[in-house]
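So the chains spell out like this:
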Amino acid sequence: MSVDPLGEQESGIRATVERAFDDAVTRLDGVRPSALVAALAALVGALLAGLLLVGQSATGAALVFGGSLGVATYLFNSDRPLVGALGGVVVFPVGVLFAAALRHVFLASSIQVGATAFVTMGLLACVAFAATLAATRAPGQGRTWRATRRTGRVVLAPVLVFLVVVLPDLGVAATVVGALGAILGALVGHLLATPPTFAALTFPLVALVAALTVRRALRRVPIERLVPGERRDRVVRALYATQRPFLYVALASVVALLGVVALAALAASPRTRMLLSPLPPAAAGAVRALVTSTPLRLALFTAVVLGVVALVASWVVGAARRVPADWVARLLAPTLGGVVATVVVAQALVSRGAAARVSEAVGGVVGPLGTLLRALPPFGVAAVLLFVLALCATLALFAVVVFGSVVGSSRATGPALAAVSLFSLALLGVLVTRSVAPLTVGALSLFVWDAGEYAHTLREELDAGSRSLRAELVHLGGSLGFALVVAAVTAALAVTAVGAVATANALALVALLLAVGVGVALLLVL
Amino acid sequence: MTRRRRWRGAGVGAAVATVAGLATGNALFLVLAVLPLGYAVVGALSGVPDPEVTVERSVDPARPSPGEAATVTLAVTNEGDAAIPDLHVAADPPEGVPVVDGETRAATALGAGETERVEYAVRPPRGTHDFGDVTVRARNLAATASTERSVTPEGATTLTCLTLLDSMPLRDQTIQYVGRTPTDVSGSGVEFHSVRDYQRGDPVSRIDWNRYASTGELTTVTLREERAMTVVFVLDDRPDAQLSASGYGPDSLDLSTYAVSRGLSVLTDENHRVGVTTVTDVVESWVPPSGATSTAAVEAAADRSSGRVRADGGEVGRELATLLPPNAQVVCCTPLSDDLPASLAETLARHDHAVSVLSPDMTSAADTLGAAVEGLERTNRLTELRRDGVPAVDWDLTAPLAVALADVFESGGRRL
């Protein structure tokens, strides 16, 4: 019997295409209309808030960036290595869009305006991120964190290309090693508060990293297996109880970090001395002693190192147990996609002269970084540029992970992220514009949560192709109708009562406060 | 009744807006706080649904054959006076019966007196399977409270998968009892065999009067005698020898059992003496001449399976040979996943028992490398069996069993 290899190949490709098509149809069939309506409402709300706060261009940049983050997250959550590799390619455009969005912040006329624009654009990006993923199971169930980890692997791609292509030149290698040593030395010195110039800024950062690392190690490393079986339950309970304080430390560190950044923005300097100057001398002394304490810093560093070592050891043991080829392919796919993208894009940048222009632009940078950049050939500069872009994408995704964990709903993460971001935008809009328009964004935020959480519930309770359209239409109709009624009532309140309250009528203010208090009490009691 | 606190976050939002309003002196924040509170209060004050629903279940076809899909329909009717804005229905298909199409769950809104249908298809394995109850969950419009109930549907409560066969390949090895197998021996029957000289006592109706009229010779027409046979089915029920196709559907043991039960039914109807045994539990078990009890006998044999690990076909053959009467022939139903059937056939042949093999092809449905390798090995075993003179039927699952059996008739078997 003769076999036609070409025919076999064609039928294989056809079968693959047919499977991909069927897969896409199945996925689309599983999308709940409520999720799409919630996504649409979220985007409309984000557009309104963005136009009110940062203007058309910045809003567009933030929304596109958020959408691209969503696409990357979706791609990185695929189990297919090819799709994961495509995610490795997409990371670099995401970094470019991040830089384009950040440009609007740096163009702000003042630090206050810049900070407002930064927060607004971050929230807009979160809304777009959640809206892009509305039809999927992401960003919940650890999917954003998974995408962050895989994006982190893409960061390795420019480094690998750099090592292979640029470092064989011994002169460049010596310069790079020297410059990196100097940069790392300075960085570690600041993190250890020697010198203590930026100690107030670095302390919450080190505490945050230490708390997150130790908490993760406690969660991931199977410590209970080291004790006899009869004591395992007790150890598991103890480990679980131990995790919570680290979460509180991490959240406190985030709050402290935000506070320090805000203070630095107000003081126009991140130096410890400037940051502590508004405090009373006694309090300033205590804070200085805390943030510059070398033993404490060393303890935090030790905790980070131990946590990382335990995590890596646990990962290696786990990896050794599951060595199937598909697992290895999934592991390496993002990095390989990133390597391909790095080589192609870096070569394109070199051939078009863009890398040389970047070299000229950074020629004025002083210190070890400047030395490093000036010593690199154009291809090396392009690789460094791509490394920075991938790092930006990773940091952006990590920021979404942190914000998502602060938002709190581990079940309906996407709708919660979109609704909280929109409501925060409404608050920001009221604060900045002092107009009634942001109330619309507030009403939309509640509708987004209602519709999105309902779609999420349906997705949990039903199978992918189960019918639910009629129930969804009824729910959406009721929710939208109620949103309109509440929005009308609040608008009427704003136009009539608030005008009087804002000027002199303290009685009306008290009445409003009472109404809010009664509402909160009802909420808690019922 | 369950209440969900899906608006807890709204309280936080309202509190934040209130604090912001107090801190900045901007009363618009307080107005903004009214929005989440409105949603939360309406959600908290929404009533708890009390659904009055009935469910009726029907199955089409009511008694599917193995491999055949049956559509299960649940008709859910709102018997109450009020509409149900959100009703979830979750069917409970029989355990071990795969759902191959449709969905077992649905959500809908049901007006008073309205009926909604939920349909799904199952492909049951051989046997009778019990349906479970249907779970219905009703939510209020704000989706903050739900009531869940378990409803026993009216209509079908079980799903039965039948096993019947219209023909089987058998070797030309009959016994001295009247049956329906034509033989090469002249005697009583309906098919022409030969013509011989008239002997005293021959029936007048058998005299060839045409020949007598033309030649004057008195001759008698003899007919091909039909006799009964003894057939013993051997079901290869070893768990580690079974194969299953990708996706849902019966495995090789289901198909073998199906073929045996159908063969039994036909053979017992035609007065043949039939027995059933399994590879893991070789016992003498003759089937009474009744269709219903024949099917039960096969199912009993399959259920009696000891799950014993057996790899030596010669040993099985020797055990079986001690139980078989002379001239009994054996039909082995096996997926041919190893060499046991070949050594079994060889051993039985040494004891003068004819063996036929019927093998469902479970390997061609999947396009994986493993299935391809398994398929090649199976093809080699089929070839070796045929080379040794054993009629082996390669049962392609895309064709009816009767079509596959036609191959064996040309290769030496005899149709009953």
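Residues numbered from 1 in each chain as written. Chains lettered and ligands numbered in written order. Predicted model: local features only at pLDDT ≥ 70, side-chain atom pairs only at ≥ 80, totals over all residues. Heavy atoms only, no water.

**A few points about the sheet that holds strand β10 (residues 145-151) of chain B**
All names here are of chain B. With antiparallel pairing, the five strands of this open sheet are ordered in space as β1-β10-β9-β4-β6. A strand with exactly one partner marks an edge of an open sheet, and here the two such strands are β1 (2-3) and β6 (105-110). Where strand β4 (residues 84-90) and strand β9 (residues 134-139) come together, five bridges link them in antiparallel fashion. Directly across from Val-89, in β9, lies its bridge partner Val-136. (Pairing = 2+ DSSP bridges. Helix = DSSP H or I, 4+ residues; strand = E, 2+ residues; numbered from the N terminus.)

**Side note on a negative patch on the surface**
All names here are of chain B. Where like charges cluster on the molecular surface, the negative patch consists of Glu-52, Glu-56, Glu-79, Asp-81 and Glu-154. Considering the arrangement of structural elements, one finds Asp-81 in the loop between β3 (70-78) and β4. Judged by relative accessible area, Asp-81 falls into the exposed class, the value being 81%. (Patch = residues over 30% accessible without salt bridge, like charges linked within 9 Å, V, L, I, M, F, W, Y side chains within 5 Å. Areas by Shrake-Rupley, 256 points an atom, 1.4 Å probe, with all protein chains shown as cover. Salt bridge = Lys/Arg side-chain N within 4 Å of Asp/Glu carboxyl O. Lys, Arg positive; Asp, Glu negative; His and termini not counted. Charge placed at Lys NZ, Arg CZ, Asp CG, Glu CD. Buried < 20%, exposed > 50% of the residue type's maximum accessible area, 1.4 Å probe, protein only.)

**Observations concerning unusual backbone geometry**
Residues and elements named next belong to chain B. Following Asp-60, the chain continues to Pro-61 via a peptide bond in cis, the omega torsion being -10°. Within the element layout of this structure, Pro-61 appears in the loop between β2 (53-60) and β3. Despite not being glycine, Asp-352 shows a phi value in the positive range, around 65°. Considering the arrangement of structural elements, one finds Asp-352 in the loop between α7 (340-350) and β18 (355-360).

**Section: the pattern of salt bridges**
Tallied over the full model, the rule gives 17 salt bridges over all chains. A salt bridge links Arg-238 of chain B to Asp-338 of chain B, with the nearest nitrogen and oxygen atoms 2.5 Å apart. With Arg-238 of chain B in the loop between β15 (219-235) and α4 (252-269) and Asp-338 of chain B in the loop between β17 (329-333) and α7, the pair connects residues that are 100 residues apart, well separated along the chain. On the basis of relative accessible area, Asp-338 of chain B is assigned to the partly exposed category, the value being 22%. Taken together, the shared-partner salt bridges connect Glu-461 of chain A together with Asp-86, Arg-137, Arg-139 and Glu-148 of chain B into one network.

**Here we look at the sheet that holds strand β7 (residues 115-122) of chain B**
Residues and elements named next belong to chain B. The five strands are arranged β5-β7-β3-β2-β11 in an open sheet whose pairing can be described as mixed. The open sheet terminates on both sides in strands that have one partner only, identified here as β5 (99-102) and β11 (154-155). Judged from the three bridges that link them, β5 and β7 form a sheet pairing that is antiparallel. In the strand pairing of β7, Gly-102 is matched with Tyr-120.

**Structural notes on the packing of helix α1 (residues 8-24) of chain B against helix α2 (residues 27-45) of chain B**
Residue and element names in this part refer to chain B. Where α1 contacts α2, the axes come no closer than 8 Å and their chain directions differ by 165°. As the angle between them shows, α1 and α2 are arranged roughly antiparallel. Two packed elements cross with a definite hand, and for α1 against α2 that hand is left-handed. Between α1 and α2, the residues in contact are Ala-10, Gly-13, Ala-14, Ala-17, Thr-18, Ala-20, Gly-21 and Thr-24 and Phe-29, Leu-30, Ala-33, Pro-36, Leu-37 and Ala-40, respectively. Looking at side-chain class alone, the contact of α1 with α2 contains 10 nonpolar, four polar and no charged residues. (Axes fitted to C-alpha atoms, helices over the stretch in contact; angles between N-to-C directions. Parallel < 35°, antiparallel > 145°, perpendicular 65-115°, else oblique. Left-handed = near helix turned anticlockwise from the far one by under 90°. Contact = heavy atoms within 4.5 Å. Nonpolar A, V, L, I, M, F, W, Y, C, P; charged D, E, K, R; others polar.)

**Some details on helix α4 (residues 81-106) of chain A**
Helix length check: α4 of chain A, at 26 residues, gives a terminal C-alpha distance of 38 Å against a target of 38 Å (1.5 Å per residue), a fit within 8%. When the local axis directions of α4 of chain A are compared, the greatest deviation, roughly 25°, occurs at Val-90 of chain A, which is followed within four positions by the proline Pro-93 of chain A. (Expected span 1.5 Å × (residues − 1). Bend = angle between axes of the 7 residues up to and from the residue.)

**Observations concerning the interface of chain B and chain A**
Tallying the contact residues gives 51 residues for chain B and 53 residues for chain A. Of the roughly 4500 Å² buried at the junction of chain B and chain A (both faces included), carbon and sulfur atoms supply 69%. Between the two partners, chain B and chain A, sit six salt bridges. The tally of links from chain B across to chain A stands at 18 residue pairs in polar contact (both at pLDDT 80 or more). The set of elements that each furnish at least two residues to the side of chain B that touches chain A consists of α1, α2, β4, β6, β7 and β9 of chain B. The element that contributes the greatest number of residues to the side of chain B that touches chain A is α2 of chain B, accounting for 18 residues. Counted by class, the side of chain B that touches chain A contains 30 nonpolar, nine polar and 12 charged residues. (Buried area = accessible area lost by both parts, 1.4 Å probe. Polar contact = N/O pair within 3.5 Å; in protein donor to acceptor, adjacent residues only side chain to side chain.)

**With respect to the environment of Gly-67 of chain B**
Residue and element names in this part refer to chain B. Along the chain, Gly-67 falls in the loop between β2 and β3. Since its relative accessible area comes to 33%, Gly-67 is described here as partly exposed. Sequence separation between Gly-67 and Val-122 is 55 residues; the distance between their C-alpha atoms is 9.6 Å. The residues contacting Gly-67, other than those within four sequence positions of it, are Arg-123, Pro-124 and Pro-250.

**Structural notes on the packing of aromatic side chains**
By convention here, two paired aromatic rings are described through the distance between centres and the angle between planes. Residue and element names in this part refer to chain B. Tallying each qualifying case throughout the model produces five aromatic pairs over all chains. Between Trp-7 and Tyr-39, the ring centres sit 4.9 Å apart and the planes meet at 35°, which makes this aromatic pair tilted. Here Tyr-39 lies in helix α2 and Trp-7 lies in the loop between β1 and α1, a separation of 32 residues in the sequence. You'll find Trp-7 and Tyr-39 in the same group, each marked buried. (Phe/Tyr/Trp six-rings, centres within 6.5 Å; stacked < 30°, edge-to-face > 60°.)

**Looking at the environment of Arg-103 of chain A**
Residues and elements named next belong to chain A. Along the chain, Arg-103 falls in helix α4. On the basis of relative accessible area, Arg-103 is assigned to the partly exposed category, the value being 49%. Sequence separation between Arg-103 and Ala-58 is 45 residues, and the spatial gap between their C-alpha atoms is 8.9 Å.

**Some thoughts on a nonpolar patch on the surface**
Taken together, Leu-156, Val-159, Leu-160, Leu-163, Val-164 and Val-165 of chain A make up a surface patch of nonpolar side chains, about 500 Å² in accessible area. Within the fold, Val-165 of chain A resides in helix α6 (residues 143-166).

**Comments concerning the confidence of the model for chain A**
All names here are of chain A. Confidence in the prediction of chain A, expressed as mean pLDDT, is 82, and 88% of residues score 70 or more. With pLDDT under 50 throughout, residues 1-10 is counted as low confidence; its partners more than four residues away or in other chains account for one contact. Throughout residues 500-504 the model reports pLDDT below 50, and contacts reaching past four residues in sequence, or to other chains, amount to four contacts. (pLDDT = per-residue confidence, 0-100.)

**Quick word on the side chain of His-456 of chain A**
By secondary structure assignment, the location of His-456 of chain A is in helix α18 (residues 437-461). What His-456 of chain A contacts, discounting residues up to four positions off in sequence, is Arg-411 and Ala-412 of chain A.

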